[in-house]
Amino acid sequence: KIVKIWVDDFAGASKKMDPVIYNAIIAEAHKRNIRVAAHLYYLSDARKLVSSGVDIIAHSIRDSIVDDDFLDNMRARKVVYIPTLSLDEFSFIYSRKPEWINDQFFKASLEPGVYEMITSEKYKDEVKNSPLLTRNINGLKIAMANLERIADAGILIAMGTDSGALPIRAQGFSEHLELELMVQSGMSPLQTIAAATSGSAKALNIDDRFGTIEKGKTADLLVLNADPITDIKNTRKIEAVYKAGVKIK
């Protein structure tokens, strides 16, 4: 079980949760053996939340580069980090023409009408003229730099995307884009695959049954026809999918 809290002012558009409230939530959740994940944006909030006992940072720190003291505190408290880089890329990427915009793997993941919307000049101009465009672009750059530092510090990283929360965050494609962005941040392909599998299972406390290929664990398998270690984009070259040992369409 996990309680998720929101500690963010959405670029000044709303009031941020008071520390008195989230301290009480963390304390009450922990009394019941429930972990707490935090949606956040700023390093200052992340610093307070980690010291207050939060278990999972559920989005990237996007305003400042993390320092060694903060990393030491995260590592000592075994805080899990979920960067959701694709969420940040989707916030601005349609202001330009991403190289995957006409990729059939991407197009097949979209809901009806979304491709026509995101490729229209009207939508492109809306994103390009957004007052948050520069903030969003810089936020991703900082997020990627922070992910490299957090990975190098040996902190447990899990994969998340927020895909499906908005139709522009395509479910099924976002997860593969997330792996690519993690590699671009400085993680190795093998590190990113581990984050998406064993790291995510550990974050959910289900690694006794899922996350690695081992005797006694559930046989959830993705079979590829190209090596993702040489190119992380090869995770999109799917040969077969098995759920609990059964091949599915």
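Each remark here, short or long, concerns the structure printed above.
In this text, all values refer to a predicted model and were calculated from it rather than measured experimentally. (Residues numbered from 1 in each chain as written. Predicted model: local features only at pLDDT ≥ 70, side-chain atom pairs only at ≥ 80, totals over all residues. Heavy atoms only, no water.)

Draft legend 1. Seen up close, the overall build of the protein chain. Of the regular secondary structure elements, the protein chain holds 10 helices and seven strands. Its C-alpha radius of gyration of 19 Å places the protein chain within 12% of the 18 Å reference for a compact globule of 249 residues. Each principal axis of the C-alpha atoms in the protein chain carries an extent, and together these give about 55 × 50 × 30 Å. Looking at the protein chain as a whole, 43% of its 249 residues qualify as buried. Sequence-distant contacts, at least 24 apart, represent 60% of the contacts inside the protein chain between residues at least 6 apart. Carbon and sulfur atoms form 54% of the exposed surface of the protein chain, whose accessible area is close to 12,900 Å². Separation of charge centres in the protein chain, based on 33 positive and 33 negative side chains, amounts to 3 Å. (Helix = DSSP H or I, 4+ residues; strand = E, 2+ residues; numbered from the N terminus. Rg over C-alpha atoms; globule rule 2.2 N^0.38 Å. Buried < 20%, exposed > 50% of the residue type's maximum accessible area, 1.4 Å probe, protein only. Contact = heavy atoms within 4.5 Å. Areas by Shrake-Rupley, 256 points an atom, 1.4 Å probe, with all protein chains shown as cover. Lys, Arg positive; Asp, Glu negative; His and termini not counted. Charge placed at Lys NZ, Arg CZ, Asp CG, Glu CD.)

Draft legend 2. Representation of a nonpolar patch on the surface. Taken together, the side chains of Ile213, Leu221 and Val223 make up a nonpolar region of the molecular surface, amounting to roughly 270 Å² of accessible area. Within the secondary structure, leucine 221 is located in strand S5 (residues 221-224). Using a relative accessible area of 31% as the deciding quantity, one classes leucine 221 as partly exposed. (Patch = residues over 30% accessible without salt bridge, like charges linked within 9 Å, V, L, I, M, F, W, Y side chains within 5 Å. Salt bridge = Lys/Arg side-chain N within 4 Å of Asp/Glu carboxyl O.)

Draft legend 3. The layout of surface pockets, seen in detail. In this structure, the largest pocket spans a volume of roughly 1,200 Å³. Looking at the lining of the largest pocket, the elements that each hand over two or more residues are helix H9 (174-184), helix H10 (189-203), S5 and strand S6 (238-243). Ranked by the residues each element gives to the lining of the largest pocket, the list is headed by H10, at six residues. Partitioned by chemical class, the residues of the lining of the largest pocket number 19 nonpolar, eight polar and five charged. By volume, the second largest pocket is sized at about 660 Å³. (1 Å grid on protein atoms, 1.4 Å probe; cavity = no way out; pocket = protein on both sides within 12 Å on 5 of 7 lines; lining within 4 Å. Points joined across faces, edges and corners; volume = space filled by probe spheres on them. Nonpolar A, V, L, I, M, F, W, Y, C, P; charged D, E, K, R; others polar.)

Draft legend 4. Up close: the pairing of strand S2 (residues 35-40). Most of S2 sits out of view: six of its six residues are buried. On S2, burial covers both faces: Arg35, Ala37 and His39 on one face and Val36, Ala38 and Leu40 on the other are all buried. Here six bridges tie strand S1 (residues 2-7) to S2, and the two strands are oriented parallel to one another. By the bridge assignment for S2, valine 7 is matched with leucine 40. (Pairing = 2+ DSSP bridges.)

Draft legend 5. Structural context of the environment of glutamate 178. Within the secondary structure, glutamate 178 is located in helix H9. Glutamate 178 sits 18 residues away from glycine 160 along the chain, and the two C-alpha atoms are 7.9 Å apart. Beyond its immediate chain neighbours, meaning those up to four positions away, glutamate 178 contacts Pro83, Thr84, Leu85, Ser86, Met159, Gly160 and Thr161. Polar contacts involving the side chain of glutamate 178 include one to the main-chain amide nitrogen of threonine 84, which spans 3.3 Å. (Polar contact = N/O pair within 3.5 Å; in protein donor to acceptor, adjacent residues only side chain to side chain.)

Draft legend 6. Looking closely at the packing of H9 against H10. Contact geometry of H9 with H10 gives a least axis separation of 9 Å together with a crossing angle of 135°. As summarised for this structure, H9 and H10 are arranged oblique, according to the angle between their axes. H10 is crossed by H9, and the crossing has right-handed handedness. Between H9, through Leu179, Met182 and Val183, and H10, the contact on the second element is made entirely by Pro189, Thr192, Ile193, Ala195 and Ala196. (Axes fitted to C-alpha atoms, helices over the stretch in contact; angles between N-to-C directions. Parallel < 35°, antiparallel > 145°, perpendicular 65-115°, else oblique. Left-handed = near helix turned anticlockwise from the far one by under 90°.)

Draft legend 7. Here's a closer look at the nonpolar core. Counting 54 residues, the largest nonpolar core has Leu49, Ile57, Phe70, Tyr94, Phe106 and Ile118 as the members making the most contacts within it. Excluding residues that lie within four positions of it along the chain, phenylalanine 70 makes contacts with Leu43, Ala46, Arg47, Val50, Ile57 and Ile61. (Core = buried A, V, L, I, M, F, W, Y, C linked by side-chain atoms within 4.5 Å.)

Draft legend 8. Main features of the environment of glutamate 89. One can find glutamate 89 in helix H4 (residues 85-90). With relative accessibility at 10%, the residue glutamate 89 sits in the buried group. Separated by 89 residues in the primary sequence, glutamate 89 and glutamate 178 place their C-alpha atoms 9.4 Å from one another. Residues in contact with glutamate 89, not counting those within four places in the same chain, are Trp100, Leu140, Leu177 and Leu181.

Draft legend 9. Fine view of the side chain of serine 185. Here serine 185 shows up in the loop between H9 and H10. In this structure serine 185 comes out as buried when scored by relative accessible area, which is 4%.

Draft legend 10. Representation of the sheet that holds strand S7 (residues 246-248). Ordered in space as S5-S6-S7, the three strands form an open sheet in which the pairing is antiparallel. Each having just a single partner strand, S5 and S7 make up the two edges of the open sheet. Neighbour-to-neighbour, the strand axes of the sheet open up by a mean angle of 30°, direction not taken into account. Both S6 and S7 contribute to a ladder of three bridges, which runs antiparallel. Within the sheet, the bridge partner assigned to tyrosine 242 lies in S7 and is lysine 247.

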